[in-house]
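Residue-level structural notes
These are the residues of each chain, in order.
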Amino acid sequence: MSLSPVPLPATPRASKKEILGWAMFDFANQAYTLLIITVVFGELFTTVIVGERGDGYRLANLLWSLALATSYLLVVITGPLCGAVMDYQAAKKHFLFVSYVATVATTAMLYFVAPGYVLLGLLLIVVSNYAYSMGESFIAAFLPDLGPPEDLGKISGFGWALGYVGGLFAAGFTLLVLGEATAENFERVRWVGPFAAGFFLITAIPTFLWVKERGTPQPPGKPYRQIAMERVATTLHELKRFRDLGLFLVSLLFSMAGIYIIIAFAFIYGAQVIGWDAATRNIMFIIVQVTAAAGALGFGFLQDRIGTRVTYLFTLMLWVAAIIAIWATPQLTTFLNGRLGLDWQAQHLFLVVGCLAGLSLGSSQSASRALVGLFSPTRKAAEFFGFWGLANKLAGVIGIIGLGVLQSVVGLQASILLCAALFILAIVICLGVDQTRGQQAARDWAMRDREASRGEAGPEAGLAQ
C-alpha cells in the first residue's frame, strides 16, 4: 500500500541577498561563455591560431568542435558522481569553489596561446570549459533551496537575465578596449583570457559570501568513490520513478545539442558565412545580450503563470524559426533586394535574426533549469542536477561533434540546419512530459524520505510499493 501524497511544507523563499548572490555567479561566468566560447576566442582560435589552410577553415572548425566536445564528455563522465558526493557531504559550495578557481586559472593562461600554438590552445579550452561546465551544474543545484516551486521560474530567469547583463559589461569592455579578433590586433586581443578570468574572479565573490550551504553531511562509512557509484546507480534506478524528469532530460538532450552549436558557432558563422564587418559584429553582440536577458526575465515570469513546460515548448518553436532564418539569411537578402529593389547586405538582415535567436537563447535555458528544479526532491537536488548537467554536456558532445563533422563535408551554412532538426525532436519528446505529475513525484519521494528519516519506512521501499 503506497503512502498518500500529502503535500510537504513549501520551501521558504530565500532572502533577496542570497538570491542575488546566487544569481551573481551567472553574472560572473557569462564572461567565460561569451568571451571565450562565443564572441572572441572562438573566432580567434579558428581564424588566427589555426587559420585558413586552403580548406575554408574546415580543419579549424573541426578542431574547435573536438576541444569543446572533449570537455563536455568529461562532464558526462564525472558530473553525476560529483553530484552524488555533494548531496552526501552537503558540499555543493566546496565543489563550486574548486570549479571556479580552476576556470579562472586556466582561462587566464589562454594569454599564452599564440598563432600556431594549436595544441596548447586545445588543452586549455578542454580544461577551462570542463571546469566552467561543472560549475554550471553545481550552481544550479542550489536552485531548489531558494524558494517554493511557484517562484523557481522567476528566480532562474533572474539568474539568466543577470548573466546576460554581466556578459554585456564584459564583452562590451573587451570589444571597445581589446578590439577585433584578427592577426593584426593579436597582441591586444590575446588579453581576452586574463580579462575574462579577472572578471569571473571578482564578480563571483558575492556568491561565496551570501549563498548558504543547506543540508546535513552524512558520516562516511565507506570510501566516497564507492558511495558516489552506489548513489548514481540508485538514482539511475529511481529515474524510472521520476518518469517525467527522465523524459524531459531526453528532450533536453536534443534541444541543448542545438543550443551548444549556436553558442559555439554563431559568431564563427557570422565571420565565415555572413561576412560581417567589425561594426555589425559588435552590434550583434549587443542585440543578442539584450534580447537574451529580456527573454530570460520575461519568460521567467511568464512560466510561473502558464507553466514551465508550456514555456519551454514555446521557446523551442522560436528556436526552429530562428535556425531557418539563420540558414536562409544570404538567399533571403538576395531575394528581397531583387524583388523590392533594396540594397541590403546579408549582415544587416542577420541582425534581425539575432533578435529572435537572443530571445530563444535566454528563455529556453532558464525554463529547462527551472523544470528540473520542480521535478527534483530537495535532498536529491545536487544529484539530479548532476544528471541535468550530464544531459546538457552529452548534448554538447553530440551537437558539436555532429556539426563539426557535417560542416567538414557540406560547409557551415548547410550544416546549421542540423539545429532545426534537433529542436523539432526535442519538441516531439517533450509533448509526453506532464508537469503536474512530475512535481507530484518529487513531493511523494520527499515525503517518503521524511518518513524514512523518522525510521518508519525507506523512500525506496515506499516507492516500490
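Residues numbered from 1 in each chain as written. Predicted model: local features only at pLDDT ≥ 70, side-chain atom pairs only at ≥ 80, totals over all residues. Heavy atoms only, no water.

1. A look at the overall build of the protein chain
- Looking only at helices and strands, the protein chain has 19 helices and zero strands in total.
- Taking 23 Å as the expected radius of gyration for a compact globule of 465 residues, we find that the protein chain reaches 22 Å, a close match to that expectation.
- The 465 residues of the protein chain split such that 59% are buried.
- Residue pairs in contact within the protein chain that sit at least 24 positions apart in sequence constitute 85% of those at least 6 positions apart.
- For the protein chain, the accessible area works out to roughly 18,000 Å², and carbon and sulfur atoms hold 69% of it.
- Averaging the coordinates of the 31 positive side-chain charges in the protein chain and doing the same for the 27 negative ones gives two points 5 Å apart. (Helix = DSSP H or I, 4+ residues; strand = E, 2+ residues; numbered from the N terminus. Rg over C-alpha atoms; globule rule 2.2 N^0.38 Å. Buried < 20%, exposed > 50% of the residue type's maximum accessible area, 1.4 Å probe, protein only. Contact = heavy atoms within 4.5 Å. Areas by Shrake-Rupley, 256 points an atom, 1.4 Å probe, with all protein chains shown as cover. Lys, Arg positive; Asp, Glu negative; His and termini not counted. Charge placed at Lys NZ, Arg CZ, Asp CG, Glu CD.)

2. Things to note about unusual backbone geometry
- Look at alanine 90: it is not a glycine, yet its phi comes out positive at around 50°.
- Among the residues examined, alanine 90 registers a relative accessible area of 14% and is labelled buried.

3. Some remarks on helix H5 (residues 118-140)
- The terminal C-alpha atoms of H5, which comprises 23 residues, lie 33 Å apart, in line with the 33 Å expected from a rise of 1.5 Å per residue.
- The buried count for H5 comes to 18 of 23 residues, which makes it a mostly enclosed element. (Expected span 1.5 Å × (residues − 1).)

4. Re the nonpolar core
- Phe41, Trp64 and Trp319 are the most contacted members of the largest nonpolar core, which totals 145 residues.
- Sort the elements by how many residues they give to this core and helix H11 (residues 243-274) lands first, with 18 residues. (Core = buried A, V, L, I, M, F, W, Y, C linked by side-chain atoms within 4.5 Å.)

5. A look at the environment of glycine 21
- Considering the arrangement of structural elements, one finds glycine 21 in helix H1 (residues 16-39).
- As for glycine 21 and proline 206, which are separated by 185 residues in sequence, their C-alpha atoms are 5.1 Å apart.

6. Comments concerning the environment of glycine 399
- For glycine 399, the location among the structural elements is in helix H15 (residues 381-410).
- Overall, the relative accessible area of 1% leaves glycine 399 in the buried class.
- Once the C-alpha coordinates of glycine 399 and leucine 422 are considered, the two residues, 23 residues apart in sequence, prove to be 8.5 Å apart.
- Once residues lying within four places of it in the same chain are set aside, the contact partners of glycine 399 are Ala257, Ile261 and Leu418.

7. Details of the packing of H1 against H11
- Taken N-terminus to C-terminus, the directions of H1 and H11 make an angle of 60°; their axes are 8 Å apart at the nearest point. On the basis of their axis angle, the class for H1 and H11 is oblique. Facing H1, whose interface residues are Thr33, Ile37, Thr38 and Val39, H11 presents Ile263, Ala264 and Phe267.
- Within the contact of H1 with H11, the residues separate by chemical class into five nonpolar, two polar and no charged. (Axes fitted to C-alpha atoms, helices over the stretch in contact; angles between N-to-C directions. Parallel < 35°, antiparallel > 145°, perpendicular 65-115°, else oblique. Nonpolar A, V, L, I, M, F, W, Y, C, P; charged D, E, K, R; others polar.)

8. A few points about the state of the cysteines
- Under the criterion given, the structure shown has zero disulfides.
- No disulfide involves cysteine 355; its sulfur sits 19 Å from the nearest other cysteine sulfur, which is in cysteine 419.
- The exposure class of cysteine 355 is partly exposed, given its relative accessible area of 32%.
- With no disulfide of its own, cysteine 430 lies 18 Å from the sulfur of cysteine 419, the closest cysteine sulfur.
- According to the relative accessible area criterion, cysteine 430 is buried, its value standing at 0%. (Disulfide = S-S within 2.5 Å.)

9. Some remarks on the environment of valine 310
- Within the secondary structure, valine 310 is located in helix H13 (residues 308-340).
- The class for valine 310 is partly exposed, based on a relative accessible area of 40%.
- Spatially, the C-alpha atom of valine 310 lies 21 Å from that of phenylalanine 385, the residues being 75 residues apart in sequence.

10. Structural notes on the packing of aromatic side chains
- Evaluated as defined, the whole model comprises 23 aromatic pairs.
- One aromatic cluster is present, formed by Phe25, Phe97, Tyr100, Phe200 and Phe208 through successive ring pairs.
- The ring of phenylalanine 142 has lysine 92 sitting right over it, with the charged end atom 5.2 Å from the ring centre.
- Of note, arginine 190 hangs over the ring of tyrosine 111, and the distance from its end group to the ring centre comes to 4.3 Å. (Phe/Tyr/Trp six-rings, centres within 6.5 Å; stacked < 30°, edge-to-face > 60°. Lys NZ or Arg CZ within 6 Å of the ring centre and 35° of its normal.)

11. Some points on the pattern of salt bridges
- Within the structure shown, the criterion is met by six salt bridges.
- The closest approach of N and O atoms between lysine 92 and glutamate 213, which form a salt bridge, is 3.7 Å. Taken together, the residues lysine 92 in helix H4 (residues 92-108) and glutamate 213 in the loop between helix H9 (205-210) and helix H10 (224-238) connect sequence positions 121 residues apart.
- Given the relative accessible area of 28%, glutamate 213 is considered partly exposed.
- Arginine 437 is the partner of aspartate 244 in a salt bridge, and the nearest nitrogen-oxygen pair spans 2.7 Å. Separated by 193 residues along the polypeptide, aspartate 244 in helix H11 and arginine 437 in helix H18 (residues 435-453) bring together distant segments of the chain.
- It is possible to trace a salt-bridge network through shared partners that takes in Lys92, Asp145 and Glu213. (Salt bridge = Lys/Arg side-chain N within 4 Å of Asp/Glu carboxyl O.)

12. Side note on the packing of helix H2 (residues 41-50) against H11
- In the contact formed by H2 and H11, the axes pass within 8 Å of each other and the chain directions differ by 45°. Taken together, the axes of H2 and H11 are oblique relative to one another. In the packing of H2 onto H11, the handedness of the crossing is right-handed. Of H11, the residues touching H2 (which contributes Gly42, Glu43 and Thr46) are Phe267, Ile268, Ala271 and Gln272.
- A per-class count over the contact of H2 with H11 returns three nonpolar, three polar and one charged. (Left-handed = near helix turned anticlockwise from the far one by under 90°.)

13. A look at H4
- A rise of 1.5 Å per residue sets the reference length of H4, with its 17 residues, at 24 Å; its end C-alpha atoms lie 25 Å apart and thus fit the reference within 8%.
- Along H4, the residues classified as buried are Lys92, Phe95, Leu96, Ser99, Tyr100, Thr103, Val104, Thr106 and Thr107.

14. Digging into the confidence of the model for the protein chain
- For the protein chain, per-residue confidence averages 84 on the pLDDT scale, and 92% of positions sit at 70 or higher.
- Across the protein chain, element-level confidence peaks in helix H8 (residues 192-203) with a mean pLDDT of 97 and bottoms out in helix H19 (residues 459-464) with 43.
- For residues 1-8, every residue scores under 50 in pLDDT, and the model assigns this stretch twelve contacts once sequence neighbours within four places are set aside.
- Considering only residues more than four positions removed or in separate chains, one finds that residues 456-465, a stretch of pLDDT under 50, has 20 contacts. (pLDDT = per-residue confidence, 0-100.)

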